[in-house]
Amino acid sequence: MDMKLVIVGAGYVGLPLALGFTQKDLAVCMLDIDSTKIDALNKGQSYVHDIPSADIKKAVNDGLLAATSNFENIAKADSVIVCVPTPLGPNRAPNLQFVMETAGNIGTHLKNGQLVVLESTTYPGTTSGKFREELEAKSNLKAGVDFFLAFSPEREDPGNPASRVGLIPKIVGGLTKRCQEKALALYQQIAGSVVPVSSCEVAEATKLLENIYRSVNIAMVNELKVIYDRMGIDIWEVIEAAKTKPFGYTPFYPGPGLGGHCIPIDPFYLTWKAREHGQNTRFIELAGEINNAMPQFVLGKIQDALNQKGKALKNSKVLIVGLAYKPDVNDCRESPSFEIMNLLQERGAIVQYYDPFFPSVPPTRKNPHWTGQTSIEWSEKTVSDNDLAAIITNHTSVDHHQLLEWLPIIVDTRNVLQESEKVIKA
């Protein structure tokens, strides 16, 4: 296999990107430290719900896709794209451990004339700063002179059929004009449109703006949800009415809290960086406070619902419906379901969950104590054994209306069910 492109990170971002290139007959080597992903890819097996195994198998059989943990393959590539996680550390400080370790591993094998593109979400100045410095230190090459460097933010939306590599415009910012030209030429092979910007910093800031926009607007409707609930007004009906306006309004929807690898995390990369410049990010901080308070709001609704039935929360059986952070994905990173489960358990409730995407709870960074717990069976016998169900994730494959037949009360955080004496919106 002639490996023209290496993609580091075989997750929700790296894998669809790799397939996008293989569909244009460009050979891709995927690098990852997770041996289970490497084995699955080389066998043509998918571990991402909305990527069919058939697509991976075809790429492998055509000799266009291979996976390994050996960074020596970097030396054989024309281009290297980095798609590794950028989580938050203690006190919501950016954790660039994976980015920097990857930069070091790439730098060790970097050759003259190669292109390196960072796609991992980060604060402005990372690509031209720490990332570049590590590449240069390990390779003894100079960015913009001996090799090319750029930033192009990922724009994946797992579970969304409209989110396809070839359909989403690609933002590209290069360290130099020549770096940008090289990166544009790479992405023009797969993207329907490519949008050049003046620097890596602008490209990094663009990604943060996109996710901060979502975080702030979700926080706004979450706050209105609480206010209108006190007034006896259904926020969902209000949103449906407001979105009939053909200009000046974009609908956002409330929920039980934020989850996933982007919206709960990315805004705080800018918060941290802004402090270096003596600036406060009041909107971002306030949005974070509001969104982080939603699991407590859901807890209150669960308690109220049980009280109406003359039951205390302690020793009540509560079924959490949905472990994933969003519908129709097998990803539970930062899912608000865990926080709600924790709050319930701390108060003595007996907590179970159902999620067709998670037969058992996988290891998670923040909630290792739930690891291995298994999903209940979706049947009248097992579901009706609970006192209450809380719909946290609205998977389309789940018949939520059966809950109305099987349980006396349902707390609905996603507006799945119509108004009913059994249904409490949260």
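Structure's up top.
Note that the structure is a prediction, hence the values are computed from the model and not measured. (Residues numbered from 1 in each chain as written. Predicted model: local features only at pLDDT ≥ 70, side-chain atom pairs only at ≥ 80, totals over all residues. Heavy atoms only, no water.)

Quick notes on a nonpolar patch on the surface
We count it as follows: In this scheme, patches are assembled from residues that exceed 30% relative accessible area and form no salt bridge. Like charges are connected within 9 Å, while nonpolar side chains (Val, Leu, Ile, Met, Phe, Trp, Tyr) are connected within 5 Å. In this description, accessible areas are obtained by the Shrake-Rupley approach with a 1.4 Å probe, and a residue is regarded as covered only by the protein chains that are shown. Between Lys or Arg on one side and Asp or Glu on the other, a salt bridge is scored when a side-chain nitrogen of the former is within 4 Å of a carboxyl oxygen of the latter. To sort residues, take the accessible area from a 1.4 Å probe on protein chains only and compare it with the maximum for the residue type: under 20% means buried, over 50% means exposed, and anything in between is partly exposed.
There is a patch of nonpolar side chains on the surface, built from Ile 227, Met 231, Ile 233 and Val 238 and spanning about 320 Å² of accessible area. Overall, Val 238 belongs to the partly exposed group, its relative accessible area being 31%.

Notes on the nonpolar core
Quick reminder of the rule: For this analysis, a nonpolar core means a set of buried residues of the types Ala, Val, Leu, Ile, Met, Phe, Trp, Tyr and Cys, connected via side-chain atoms within 4.5 Å. Residues are treated as being in contact if the distance between any of their heavy atoms lies within 4.5 Å.
By size, the foremost hydrophobic cluster in this structure holds 37 residues, and its most contacted members are Ile 7, Leu 17, Phe 21, Met 30, Ile 81 and Tyr 187. Non-local contacts of Phe 21, meaning those with residues more than four positions away in its chain, are made with Leu 5, Ile 7, Leu 26, Val 28, Ile 81, Leu 186, Tyr 187 and Ile 190. Counting 36 residues, the second-largest nonpolar core is a separate cluster that includes Phe 71, Ala 77, Tyr 123 and Cys 200.

Considering the packing of helix α1 (residues 14-22) against helix α3 (residues 53-61)
Any two packed helices are characterised by how steeply their axes cross, that is the angle between the axes, and by the distance between the axes. Applicable threshold: Only the stretch in contact is used when fitting a helix axis, every axis being a line fitted to C-alpha atoms; angles between N-to-C directions are given from 0 to 180 degrees. A helix here means a DSSP run of H or I that spans at least four residues, while a strand means a run of E at least two residues long, and both kinds are numbered starting from the N terminus. To sort the angles, those under 35 degrees are grouped as roughly parallel, those over 145 as roughly antiparallel, those from 65 to 115 as roughly perpendicular, and the leftovers as oblique. Each crossing is labelled by how the near helix is turned from the far one, with a counterclockwise turn of less than a right angle marking it left-handed and a clockwise turn marking it right-handed. Under the grouping applied here, Gly and all other residues not named as nonpolar or charged are polar, the nonpolar ones being Ala, Val, Leu, Ile, Met, Phe, Trp, Tyr, Cys and Pro and the charged ones Asp, Glu, Lys and Arg.
Two elements in contact, α1 and α3, have axes separated by 11 Å at closest approach and are oriented at 50°. If you check the angle between α1 and α3, you find them oblique. In this structure, α1 crosses over α3, and the sense of that crossing is left-handed. Here Leu 15, Leu 19 and Thr 22 of α1 lie close against α3, whose contacting residues are Asp 55, Ile 56 and Ala 59. Here the residues of the contact of α1 with α3 are counted per class, giving four nonpolar, one polar and one charged.

A few points about the environment of Val 416
By the secondary structure assignment, Val 416 is in the loop between β12 (410-412) and β13 (423-425). The exposure class of Val 416 is partly exposed, given its relative accessible area of 21%. When the C-alpha atoms of Val 416 and Phe 147 are compared, they prove to be 52 Å apart, with 269 residues separating the residues in sequence.

Describing unusual backbone geometry
The backbone of Arg 92 shows a phi angle near 60°, a positive value even though the residue is not glycine. Assignment of secondary structure puts Arg 92 in the loop between β4 (79-82) and α4 (97-109). Overall, Arg 92 belongs to the partly exposed group, its relative accessible area being 32%. One non-glycine residue, Glu 334, lies in the positive phi region at around 60°.

Focus: the sheet that holds β13
Our working rule: Paired strands are those between which DSSP finds at least two bridges.
Here we have five strands laid out as an open sheet, ordered β10-β9-β11-β12-β13, and parallel in their pairing. Every interior strand has two partners, whereas the edge strands, β10 (350-354) and β13, have only one. Pairs of neighbouring strands in the sheet enclose a mean axial angle of 25°, with direction left out of account. The pairing of strand β9 (residues 317-321) with strand β11 (residues 388-391) spans four bridges and is parallel.

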